[in-house]
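Survey of secondary and tertiary structure
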Amino acid sequence: MAARVLQQCVRSFARPSLRLCSGNLAVRAAAAPTAALHRPLSFAADSRRTRWLGQSRTPSVGVLCRQYGDLPPLTLETIKDRVLYVLKLYDKINPEKLQTTSHFMKDLGLDSLDQVEIIMAMEDEFGFEIPDAEAEKLMTPEEIVQYIADKKDVYE
Amino acid sequence: MASTAATRAAAATTKVVKPIFSRDLDEAKRRVRELYRAWYREVPNTVAMFQLDITTRQGRNKVREMFDKNKHVTDPRVIDMLVIKGKMELQETIHVWKQKTHVMRYFHETEEARPTDFLSKFYHGHDP
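First things first, this report covers the structure right here in the doc.

What counts and how
- Residues numbered from 1 in each chain as written.
- Chains lettered and ligands numbered in written order.
- Predicted model: local features only at pLDDT ≥ 70, side-chain atom pairs only at ≥ 80, totals over all residues.
- Heavy atoms only, no water.
- Contact = heavy atoms within 4.5 Å.
- Buried area = accessible area lost by both parts, 1.4 Å probe.
- Salt bridge = Lys/Arg side-chain N within 4 Å of Asp/Glu carboxyl O.
- Polar contact = N/O pair within 3.5 Å; in protein donor to acceptor, adjacent residues only side chain to side chain.
- Helix = DSSP H or I, 4+ residues; strand = E, 2+ residues; numbered from the N terminus.
- Nonpolar A, V, L, I, M, F, W, Y, C, P; charged D, E, K, R; others polar.
- Axes fitted to C-alpha atoms, helices over the stretch in contact; angles between N-to-C directions.
- Parallel < 35°, antiparallel > 145°, perpendicular 65-115°, else oblique.
- Left-handed = near helix turned anticlockwise from the far one by under 90°.
- Buried < 20%, exposed > 50% of the residue type's maximum accessible area, 1.4 Å probe, protein only.
- Expected span 1.5 Å × (residues − 1).
- Bend = angle between axes of the 7 residues up to and from the residue.

Let's shift gears to the interface of chain B and chain A. With 12 residues of chain B at the interface, the matching set in chain A holds 18 residues. When the two sides are added together, the surface that chain B and chain A hide from each other amounts to roughly 1,400 Å², 45% of it contributed by carbon and sulfur. Looking at the side of chain B facing chain A, the largest losses of area belong to R33(B), R37(B) and R64(B), adding up to 49% of the total buried there. The tally of links between chain B and chain A comes to 10 salt bridges. Counting every contact that joins chain B to chain A gives 12 residue pairs in polar contact (both at pLDDT 80 or more). Among the elements of the structure, α2 (25-49) and α3 (56-69) of chain B are those that each provide at least two residues to the side of chain B that touches chain A. Here the side of chain B that touches chain A gets seven residues from one element, more than from any other, and that element is α2(B). Of the residues assigned to the side of chain B that touches chain A, the class counts are three nonpolar, no polar and nine charged.

See the structure below:
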C-alpha cells in the first residue's frame with residue numbers, strides 16, 4: 001500500500017524518460033555514484049534527461065540499459081517511514097503519541113491481539129511472512145524496523 | 001511444621017496433568033495468536049463467500065469480541081480446548097460447510113437482551 005505510493009512517486013519522477021528505462025533511471029537517481037560505471041559517458045544530473053531523450057533512437061541504448069521490474073531499494077529510512085505510516089493508519093494508535101521507541105503495550109496501551117494485528121499489517125506492507133515466534137518479541141517500531149532490515153539485508 | 005503443611009497444600013492444589021497440546025501458558029498463547037491471525041485473514045473471504053451484509057471491520061470486531069470473552073483463562077488445557085473449538089469453527093467457515101445463518105448467529109441480531117436493573121425487570125413483567 002505504501003509501496004504502491006512510493007512506486008508511483010518513482011514513476012512520476014522518471015516519467016520524462018519513461019520510454020527508455022524508467023526502473024534503471026530510478027535506481028540510478030537513488031545511487032548516483034554507481035551510474036558512471038554503467039555508462040561510458042559521464043553526465044551531470046540535470047542534463048541526464050536531455051541526454052537520454054537525445055539518444056532515444058540509437059539501438060545501443062537498448063543494449064546498454066536493461067529493463068528490470070523491481071521495487072525501489074530499501075533503506076533504513078524508507079523502512080522506518082513505511083512502518084510509521086502504517087502505524088499511523090491504525091485506528092487504535094494515537095498518531096501524536098507515536099514515536100519509534102514507543103512500546104505498544106506500555107506506552108500506547110495496546111493488547112497482545114492488537115500487536116498481532118500490527119505485525120500482520122507489516123507483513124502485508126512488506127510482503128513477507130513474519131513467524132509468530134519472532135513476531136511476539138517485536139514490541140516497538142524500532143524493533144520492527146531492525147527485524148525487517150535484518151530479514152531484507154539492508155545494511156545499517 | 002507449618003512449612004511442610006504449606007508445601008503439602010501447594011502440592012495438592014497444583015496437580016501435574018497431561019497437557020492437551022501446549023506444555024505451558026506461553027505455548028498456549030502462541031496457539032491463540034495463530035488462531036487469531038487465521039481468523040483475521042479469513043474474515044474478508046467469509047464476508048464475500050457468504051454474501052454477508054456486514055463490513056469486514058464489523059466482522060473483525062466480532063472476532064476480537066469472541067476472543068476477548070475468554071481473555072481471563074489461565075489454564076493451558078482450557079486454552080487449548082478453546083483453540084481447538086475455534087479451529088473447528090474456522091474450518092467449517094473456510095470450507096463453507098456452514099451457511100449464512102450459522103455465521104450470522106454470532107451477531108445475535110434478533111435476540112433481545114434481558115433486562116438487568118430492577119425497573120426494566122419491573123416493566124418487563126413478573127419474571128424475577
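All names here are of chain A. Put simply, helix α6 (residues 76-89) and helix α9 (residues 141-151) touch, their axes get as near as 10 Å, and they point 135° apart. The orientation of α6 with respect to α9, classified from their angle, is oblique. Considering how the two elements wind past one another, α6 and α9 form a crossing that is right-handed. Contact residues: L76, I79, K80, V83, L84 and L87 in α6; P141, I144, V145, I148 and A149 in α9.

Our next topic: the side chain of D132(A). If you trace the backbone, D132(A) turns up in helix α8 (residues 132-135). Residue class for D132(A) comes out buried when judged on its relative accessible area of 4%. There is a polar contact of 3.4 Å between the side chain of D132(A) and the side chain of R33(B). Excluding anything up to four places from it in sequence, D132(A) contacts R30(B), R33(B), E34(B) and R37(B).

Before going further, it helps to spend a moment on α2(B). With 25 residues, α2(B) ought to run about 36 Å at 1.5 Å a step, and its terminal C-alpha atoms sit 35 Å apart, in line with that. V43(B) marks the point of greatest bend in α2(B), at about 40°, and the proline P44(B) comes within the next four residues. Within the span of α2(B), buried status applies to A28(B), R33(B), L35(B), Y36(B), R37(B), W39(B), Y40(B), E42(B), V43(B), T46(B) and V47(B). Looking at the buried side of α2(B), the elements it contacts are α7 (112-126) and α8 of chain A together with α3, α4 (76-94) and α5 (100-104) of chain B. Looking one or two places after α2(B), you find Q51(B), whose phi comes out positive at around 55°.

The subject of this paragraph is the pattern of salt bridges. Applying the stated criterion across every chain, the model contains 16 salt bridges over all chains. For the salt bridge of K71(B) with D111(A), the shortest nitrogen-to-oxygen distance reads 4.0 Å. Of this pair, K71(B) sits in the loop between α3 and α4 while D111(A) sits in the loop between α6 and α7, each in a different chain. Given the relative accessible area of 54%, K71(B) is considered exposed. When its relative accessible area of 22% is taken as the criterion, D111(A) is described as partly exposed. Close ionic contact of D80(B) with R31(B) constitutes a salt bridge, the shortest N to O distance being 4.0 Å. With D80(B) in helix α4 and R31(B) in helix α2, the pair connects residues that are 49 residues apart, well separated along the chain. Through salt bridges with shared partners, one network takes in K92(A), D114(A), E117(A) and R64(B).

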